[in-house]
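Residues per chain are reported as follows:
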Protein chains: 2
Amino acid sequence: MRIGELSKNTGFQVETLRFYEKQGLISPVGRTESGYREYDQESLKQLHFIQQAKSVGFSLNEISELLTLRVERDQHSCSEVKTIAEQKLVQIESKINELNKMRDALHKITDACCGGPEPATSCTILNALDNV
Amino acid sequence: MRIGELSKNTGFQVETLRFYEKQGLISPVGRTESGYREYDQESLKQLHFIQQAKSVGFSLNEISELLTLRVERDQHSCSEVKTIAEQKLVQIESKINELNKMRDALHKITDACCGGPEPATSCTILNALDNV
DNA sequence: CTTGACCCTATAGTAGACTTTAGGGTTTAT
DNA sequence: ATAAACCCTAAAGTCTACTATAGGGTCAAG
Ligand SMILES: [Zn+2]
Ligand SMILES: [Zn+2]
Ligand SMILES: [Zn+2]
Ligand SMILES: [Zn+2]
C-alpha cells in the first residue's frame with residue numbers, strides 16, 4: 001500500500017509517517033518506479049506497536065529502541081526489555097509525584113482564597129506565592 | 001545589585017534573568033552609566049514569587065499574568081486570581097489522570113515479564129505492545 | 001487532455017523554557 | 001597595567017514531536 005492508505009489504516013498523518021521514517025522508526029518495503037513509498041502488513045504492525053508504546057508514555061527515542069528489540073527478539077533478553085519498561089515506570093511515577101505535590105500546594109492556597117469580587121488586596125493566593 | 005548578585009541571591013542563572021526580562025517578567029530598576037542592569041529588593045521578591053509560581057506548575061505566560069495581578073492588586077479581584085489558579089488545578093489534575101492511566105497500563109504489562117536473561121522471543125512486554 | 005487526488009523533497013516553523021555563541025565593553029584586584 | 005571576573009547585545013541553537021510551506025512530479029477518471 002502507499003503512504004496515504006497506511007495513514008488511513010493507522011491514524012497517523014502522512015507527514016508524521018514521513019517524519020517517523022526520518023527518525024528511523026519505520027521504513028517502506030520499497031519504492032515504486034516513480035518513487036512512491038510502498039508499505040506492507042509489517043509496516044502496519046510496526047505502527048500499531050508505535051501507537052501502543054506512545055500510549056503508555058514512551059518517547060520516540062525509546063520506541064526506536066523497543067522496535068529494535070522487537071525485531072531482534074532472539075538476540076535480546078527479557079531483562080533488557082523489562083529494564084527499559086521499568087525505567088519508564090520510574091519516570092512516570094516521579095512525574096506523578098511531582099504533580100501531586102504541585103496539586104496539593106496549589107489546592108491549599110487556592111482553597112484559602114475567597115474568590116469574591118472584591119479587590120485582591122490581601123488575596124491569599126498572591127500572598128502565598130509571595131511568601132514561601 | 002547587579003545581575004550576577006541577583007543570580008546568586010535567587011538561584012536563577014544570569015542568562016535566565018535576561019531571558020525573563022525579554023519575556024516581560026522582570027525588569028531592572030535602572031542601568032549604570034556603563035549600561036549594567038541594577039536591581040533592588042523588589043526584584044528579589046518578584047523572582048521569589050516567580051520561583052513559587054513555577055513550583056506549583058504555572059507557565060511563564062501564566063506567571064506573567066499573575067505578576068500583573070500582584071502589582072495591580074487593587075484593580076483586580078480575588079475572583080480573577082482564583083480563576084487562574086483553579087484552571088491550573090484542573091490542568092494538573094488531568095495530567096495526573098493521564099499519567100496514572102499510563103502507569104497502570106505499563107505496570108500491568110511490565111509485571112507479566114519475567115525480566116530474565118533468556119531471549120525475549122516471547123516477552124510479554126513486546127507482545128503486549130504488539131497486540132492491543 | 002486536463003483536473004483533482006495523491007505523491008515527492010527540502011526547508012522552515014511551532015511551542016516552551018531556556019542555553020549557547022560571537023564579539024565586545026567594564027570593573028576590580030594585584 | 002594587565003588579567004580575571006563580570007557585564008552587554010543580538011542571534012542562533014536545544015529538545016520533542018510534529019506541522020506547514022514551497023515547488024514540483026504521477027496517476028486515474030471523465
Ligand atoms: Zn478574597
Ligand atoms: Zn484571593
Ligand atoms: Zn521472559
Ligand atoms: Zn519479557
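Residues numbered from 1 in each chain as written. Chains lettered and ligands numbered in written order. Predicted model: local features only at pLDDT ≥ 70, side-chain atom pairs only at ≥ 80, totals over all residues. Heavy atoms only, no water.

**Here we look at the coordination of the zinc ion (ligand 4)**
Bound to the zinc ion (ligand 4) are the protein donor atoms A:Cys78 (SG), B:Cys113 (SG) and B:Cys123 (SG), situated 2.2 to 2.4 Å from the metal. Taken as an interatomic distance, the gap from the zinc ion (ligand 4) to the zinc ion (ligand 3) is 3.7 Å; A:Cys78 donates to each of them. Of this pair, A:Cys78 sits in helix H5 (residues 78-111) while B:Cys113 is found in the loop between helix H5 (78-111) and helix H6 (124-130), placing the two residues in two different chains. (Donors = N, O, S within 2.8 Å, 3.2 Å for Na, K, Ca; no water. Helix = DSSP H or I, 4+ residues; strand = E, 2+ residues; numbered from the N terminus.)

**Points about the protein's contact with DNA strand C**
Close to DNA strand C lie 20 residues; A:Arg18, A:Arg37, B:Thr16, B:Tyr20 and B:Tyr36 are nearest. Looking at DNA strand C alone, sugar and phosphate atoms form 80% of those within 4 Å of the protein. Residue A:Arg37 places a side-chain N or O atom 2.7 Å away from a phosphate oxygen belonging to DNA strand C. Here a phosphate oxygen of DNA strand C and a side-chain polar atom of B:Ser34 are 2.9 Å apart. Of all the secondary-structure elements, those providing two or more residues to the surface near DNA strand C are helix H1 (3-10) and helix H2 (14-22) of chain A together with helix H2 (14-22) of chain B. Per element, the largest residue contribution to the surface near DNA strand C is four residues, and it comes from H2(B). Across the surface near DNA strand C, the residue classes tally to six nonpolar, six polar and eight charged. (Near = heavy atom within 4 Å. Polar contact = N/O pair within 3.5 Å; in protein donor to acceptor, adjacent residues only side chain to side chain. Nonpolar A, V, L, I, M, F, W, Y, C, P; charged D, E, K, R; others polar.)

**Some details on the interface of chain A and chain B**
With 56 residues of chain A in contact, the opposing surface of chain B contributes 56 residues. Carbon and sulfur atoms make up 72% of the area that chain A and chain B hide from each other, which totals about 4800 Å². The tally of links from chain A across to chain B stands at four salt bridges. A:Arg70 is paired through a salt bridge with B:Asp130; the nearest N and O atoms lie 2.7 Å apart. Our count for the chain A to chain B interface comes out at 25 residue pairs in polar contact (both at pLDDT 80 or more). Among the secondary structure elements, those contributing two or more residues to the side of chain A that touches chain B are helix H3 (41-55), helix H4 (60-71), H5 and helix H6 (124-130) of chain A. In terms of residues, the side of chain A that touches chain B owes the most to one element, H5(A), which gives 21 residues. Here the side of chain A that touches chain B is composed, by residue class, of 27 nonpolar, 16 polar and 13 charged. (Contact = heavy atoms within 4.5 Å. Buried area = accessible area lost by both parts, 1.4 Å probe. Salt bridge = Lys/Arg side-chain N within 4 Å of Asp/Glu carboxyl O.)

**What about helix H1 (residues 3-10) of chain B?**
In an α-helix, one full turn covers 3.6 residues, which means residues spaced three or four apart are oriented alike. Residue and element names in this part refer to chain B. Within the span of H1, buried status applies to Ile 3, Leu 6, Ser 7 and Thr 10. Take H1 and look down its axis: the buried residues cluster within an arc of 105°, on one side only. The elements touched by buried residues of H1 are H2, strand E2 (37-38) and helix H3 (41-55). One or two steps after H1, the chain reaches Gly 11, where phi turns positive at roughly 90°. (Buried < 20%, exposed > 50% of the residue type's maximum accessible area, 1.4 Å probe, protein only. Arc of directions from axis to C-beta.)

**Brief notes about the coordination of the zinc ion (ligand 3)**
Only A:Cys78 (SG), B:Cys114 (SG) and B:Glu118 (OE) from the protein reach the zinc ion (ligand 3) as donors, at distances of 2.1 to 2.8 Å. Its relative accessible area of 5% is what places A:Cys78 among the buried residues.

**Side note on the relation of the copies chain A and chain B**
Here chain A sits on chain B after a turn of 179° about the axis and a move of 0.0 Å along it, with an RMSD of 0.5 Å. When the rotation and shift are considered jointly, the pair of chain copies conforms to a two-fold rotation axis. Residues of chain A ranked by C-alpha distance from the rotation axis are headed by A:Ile96, positioned 2.8 Å from it. A shared binding surface is used by both copies, with 100% of the interface residues of chain A retained as interface residues in chain B. (Least-squares fit on C-alpha atoms with pLDDT ≥ 70 in both.)

**Concerning the packing of H3(B) against helix H4 (residues 60-71) of chain B**
Residue and element names in this part refer to chain B. Look at H3 against H4: their axes get within 10 Å of each other, and the N-to-C directions meet at 135°. Comparing their axes, H4 and H3 come out oblique. Note that H3 runs across H4; the crossing there is right-handed. Contact with H3, carried on its side by Glu 42, Lys 45, Gln 46, Phe 49, Ile 50, Ala 53 and Lys 54, involves Ile 63, Leu 66, Leu 67 and Arg 70 of H4 and no other residues of that element. Classifying every residue of the contact of H3 with H4 gives six nonpolar, one polar and four charged. (Axes fitted to C-alpha atoms, helices over the stretch in contact; angles between N-to-C directions. Parallel < 35°, antiparallel > 145°, perpendicular 65-115°, else oblique. Left-handed = near helix turned anticlockwise from the far one by under 90°.)

**Digging into the side chain of A:Ser77**
Within the secondary structure layout, A:Ser77 lies in the loop between H4 and H5. Excluding residues that lie within four positions of it along the chain, A:Ser77 makes contacts with B:Gly116, B:Pro117, B:Glu118, B:Pro119 and B:Ala120.

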